[in-house]
Amino acid sequence: MRINLTTPFAEKDQVKALGARWDAAKKLWYIQDVADLEPFQRWMPKETPKETVPSMQAGSVTGPAGVADCGCDVLPWDDCVHTATTQ
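Here the structure is a predicted model, which is why all the values come from computation and not from measurement. (Residues numbered from 1 in each chain as written. Predicted model: local features only at pLDDT ≥ 70, side-chain atom pairs only at ≥ 80, totals over all residues. Heavy atoms only, no water.)

## Looking at the environment of glutamate 11
Inference 1: Turning to its location among the elements, glutamate 11 is positioned in the loop between β1 (2–5) and α1 (12–18).
Inference 2: A C-alpha to C-alpha distance of 9.5 Å links glutamate 11 and tryptophan 43, two positions 32 residues apart in sequence.
Inference 3: Apart from residues lying up to four places away in sequence, glutamate 11 is in contact with Arg42 and Trp43.
Inference 4: One polar contact links glutamate 11 to arginine 42, side chain to side chain, over a distance of 3.2 Å. (Helix = DSSP H or I, 4+ residues; strand = E, 2+ residues; numbered from the N terminus. Contact = heavy atoms within 4.5 Å. Polar contact = N/O pair within 3.5 Å; in protein donor to acceptor, adjacent residues only side chain to side chain.)

## Here we look at the nonpolar core
Inference 1: By size, the foremost hydrophobic cluster in this structure holds 10 residues: Ile3, Leu5, Val15, Ala20, Trp29, Ile31, Leu37, Phe40, Trp43 and Met44.
Inference 2: Sorting the residues of this core by element identifies β1 and β3 (28–32) as the ones contributing at least two each. (Core = buried A, V, L, I, M, F, W, Y, C linked by side-chain atoms within 4.5 Å. Buried < 20%, exposed > 50% of the residue type's maximum accessible area, 1.4 Å probe, protein only.)

## Side note on the packing of aromatic side chains
Inference 1: Evaluated as defined, the whole model comprises 1 aromatic pair.
Inference 2: The residue whose ring lies beneath arginine 2 is tyrosine 30, and the NZ or CZ to ring-centre distance is 3.8 Å. (Phe/Tyr/Trp six-rings, centres within 6.5 Å; stacked < 30°, edge-to-face > 60°. Lys NZ or Arg CZ within 6 Å of the ring centre and 35° of its normal.)

## Thoughts on the pairing of β3
Inference 1: The buried fraction of β3 is high, at 4 of 5 residues.
Inference 2: The pairing of β1 with β3 spans 4 bridges and is classified as antiparallel. Opposite arginine 2, over in β3, you have glutamine 32 as the bridge partner.
Inference 3: As paired elements, strand β2 (residues 21–23) and β3 share 3 bridges and run antiparallel to each other. (Pairing = 2+ DSSP bridges.)

Okay, structure coming up:
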């Protein structure tokens, strides 16, 4: 599961040391498939707590290339809180 982090430039070395990776195309730090999220809590987005994001069920409606369509109003190439885990 990929989680994009909100990381100030001054703290980039801290997230990198913890194992975060840099996405040059989106110009942000992210973590993927991390077992312990606690060290990253200060940089995780505040607007969508992980408990409130509904999980995608098997057999849900899919869009182009088989990507699950959650109904969010975003462009196909942009991630929403529900499909960010598909990459």
